[in-house]
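For reference, the chains in residue letters:
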Amino acid sequence: MDVRFDQAGTSFDGRTAVHPLSLSLTERRIGIIGLNGSGKTTFARMINGLVQPSQGRVTVNGFDTGADGEAVRGQVGFIFQNPQNQIILPILREDIELGLRGRKLTRGQMQDRVNGVLARFSIGHLADRRVHELSGGELQLAALASVLVTEPPIVILDEPTNQLDLRNRTLVERTLRALDEDVLVISHDLPLIEDYDRVLLFHEGRIVADGRPEEVVAEYRKIAVS
Amino acid sequence: MSTRDLVLSALFAAIIVALGLLPPIMLGFIPVPITAQSMGVMLAGVILGAKRGTIAVLLVLLLAAIGLPVLSGGRGGLAVFAAPTTGFLIGWVFAAFVTGYLSERFVKNSQGAMLQTAGFFAAAVAGGVVVLYAFGISYLAVVSGLGLTKAFVGSMAFIPGDLVKAAVAALAGRAVMVGYPLLPARA
Amino acid sequence: MRSLYVEGDSRLHRLSPRIKLILLIVVSLALFLTRSPIMLGGAAFAGALLYGSLGMGWREGWLRLRPILLTIAVVALATLMLNTVEEGVVVLLRLTTLMLVAAAVTATTPVGSFIGEISSAARPFERIGLVRADDIGLAVGLVIRFVPEVVSRYEILRQAHRARGLKLRPMTVIVPLTIQTLKSADEIAAAIDARGIRGHKPPSRS
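Reading the values: the criteria
Residues numbered from 1 in each chain as written. Chains lettered and ligands numbered in written order. Predicted model: local features only at pLDDT ≥ 70, side-chain atom pairs only at ≥ 80, totals over all residues. Heavy atoms only, no water. UniProt positions renumbered as here; feature names shortened; annotations may be inferred. Helix = DSSP H or I, 4+ residues; strand = E, 2+ residues; numbered from the N terminus. Phe/Tyr/Trp six-rings, centres within 6.5 Å; stacked < 30°, edge-to-face > 60°. Buried < 20%, exposed > 50% of the residue type's maximum accessible area, 1.4 Å probe, protein only. Lys NZ or Arg CZ within 6 Å of the ring centre and 35° of its normal. Contact = heavy atoms within 4.5 Å. Domains from an automatic or database assignment. Buried area = accessible area lost by both parts, 1.4 Å probe. Salt bridge = Lys/Arg side-chain N within 4 Å of Asp/Glu carboxyl O. Nonpolar A, V, L, I, M, F, W, Y, C, P; charged D, E, K, R; others polar.

In the annotation of an unreviewed UniProt entry, chain C is listed under the name Energy-coupling factor transporter transmembrane protein EcfT and assigned to Pseudorhizobium endolithicum. Quoted verbatim from the Subcellular location (unreviewed entry) field of the UniProt record, the comment on chain C reads "Membrane". Database annotation for chain C, UniProt heading Sequence similarities (unreviewed entry): "Belongs to the CbiQ family."

Within an unreviewed UniProt entry, the label attached to chain B reads Biotin transporter, and the organism entered is Pseudorhizobium endolithicum. Check the Sequence similarities (unreviewed entry) section of the UniProt entry for chain B; it says "Belongs to the BioY family."

Encoded structure:
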């Protein structure tokens, strides 16, 4: 990935969520950690243009998140904290198709793409199920499928293992490891990111540590008890 | 319309549909069960305001029209628009609009709790009772050939219940406003 | 939520939804132009034959129409007693016929075809910026998707009441139910924008 922050920060309702910062993210797997409310989610949302910087600029693979919003959303898939709220239509297959709407695909091409992504996450059997009836782990995989069907090269996941039982957590972990896409993961689940290429630690809207997982996690433990 | 407004309207439509599926809730002080769907229409106006509230109600009617059993008692399909009481159904749209329009004007953040609740109640009565019955009774009068007076007398029995619903909607609207303010309409 | 569409291959099933809706409007106008009980009786009979020919079974067919038929009967009875017998009969036959034909259109048209028809009817308004045609299908899908979520939230609230020995009251049910549901709107809207489903620039606030 090639994500650049150029003195970009954001504040709303008079509160600064992310202080202006400059950095470039080029690694394949990046973890983001920090306490609740430290600015992690806002930072991640700035990358796919859901939150616009109130100053500075953010580019993804050369596209500006403000001026080329649509191109950026083609580059960055976003899996939200609560997959429950991510899936919009009642039947999983319909929901996955929704992302492909307006891409001028034939009915057959659309079916192939949908079936392909379902097979990739081994959830073909869920295609015609009602989303409401899916379990937590199934929902997380369904959300991944609905986002990855459009083939974005970068995927951001906001606490993907939150509230999952051990089996589902293992399932999601394994799926994440197998992803070919570049990933940026926000997580409180420290083992998940222990072998990542780079980890950022957020505290009060700033990056206070940035580097190899073990160093940054050690720093995080200090903050957590202070 | 922003995506957020679209989603708020759709979620409220889901609440109105769900209110028709849930068992009636008993009020504390009178032993009358409240069938909540028509109260949902007043709530839509009180909580979402004119534009989003009206769209929420339109969505419920659209779902009914295209053949989904979304109205209380599992009613749905185009046949529900063939009943003599269809005027009340069509009146929902205008009831939500008027309730929402007046709520946006009557209720201010600077007011005390009593005044806010009173403002919501006045809006809910004007929209959910006066406007709703104007549509319902006129339609009934024409379709049945009964004439306005008889249609009015026949519908009167339901007015006390709807006044109670307006009161509940006003209290709920004010409580939601405190817990999750959506009025005055945010962009 | 099961739709009221009934699988089948009758002539009415094969007719385009647009023609069916136009026919329904023509039928309803025609029904209000005549006051002859004999003609209306014939129409009601034809409507019943049509509705009965769709292959949904007597019990199902009756259960669907029972609540509507009841209000028609009550109002027709009132008209019969307060005005004349003939007027009561006219109201009964007219509305019953309309109900039968409308129910027949519903039973032979899948939800998806209706949405397609409504979206294409909305296209002209799209050009003047009044509505986005694709939003209609999206909004309908959202409602169907979230009704079961609202119902499960109600179940959880009901159990929470029971666990604490509280009685269900409108205020203690409706207020939390509404707040919990509407609070998820921000994230759902963000998900729609993040996936570029409405294909336009999302708002700058989080």
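## A closer look at the UniProt feature "transmembrane region" (unreviewed entry) in chain C
Residues and elements named next belong to chain C. Taking the UniProt record as the reference, the feature "transmembrane region" (unreviewed entry) is found at residues 21-51, 63-83 and 95-116. Between the first and last C-alpha atoms of residues 21-51 the distance is 16 Å; the span itself is 90% helix and 0% strand. Structurally, residues 63-83 comprises 95% helix and 0% strand, and the distance from its first C-alpha atom to its last is 30 Å.

## Topic: the packing of aromatic side chains
Counting across every chain of the model gives six aromatic pairs over all chains. Arranged with centres 4.8 Å apart and planes meeting at 35°, the rings of F78 of chain A and F80 of chain A form a pair that is tilted. Here F80 of chain A falls in the buried class, since its relative accessible area comes to 1%. Plain terms: the ring middles of F97 of chain B and Y101 of chain B are 6.0 Å apart, the flat faces sit at 25° to each other, and that makes the pair stacked. Here F97 of chain B pairs with Y101 of chain B, and both are found in helix α4 (residues 86-106), just four residues apart, close to one helical turn. Among the aromatic side chains, those forming a connected cluster through ring pairs are F5, F43 and F202 of chain A. Its end group placed over the ring of Y101 of chain B, R105 of chain B keeps NZ or CZ at 3.9 Å from the ring centre.

## Brief notes about the arrangement of the chains
Where two pairs of chains are in contact, the pair with the most contacts is made of chains B and C. In this view chain A stays clear of chain B, with the nearest C-alpha atoms of the two still 10 Å from each other.

## Some remarks on the domain arrangement of chain C
Residues and elements named next belong to chain C. Looking at the assigned domains, one finds that chain C contains domain 1 (11-109) and domain 2 (113-199). Using C-alpha coordinates to define each centre, domain 1 is positioned 33 Å away from domain 2. Across the contact, five residues belong to domain 1 and four residues belong to domain 2. Counting the surface lost from both domain 1 and domain 2, the interface buries some 450 Å², and carbon and sulfur atoms represent 71% of this. Here E117 and R18 are joined by a salt bridge, their closest N and O atoms 2.6 Å apart. A total of three residues in the side of domain 1 that touches domain 2 trace back to one element, the largest contributor, which is helix α2 (residues 17-33). Considering only residue class, the side of domain 1 that touches domain 2 consists of three nonpolar, one polar and one charged.

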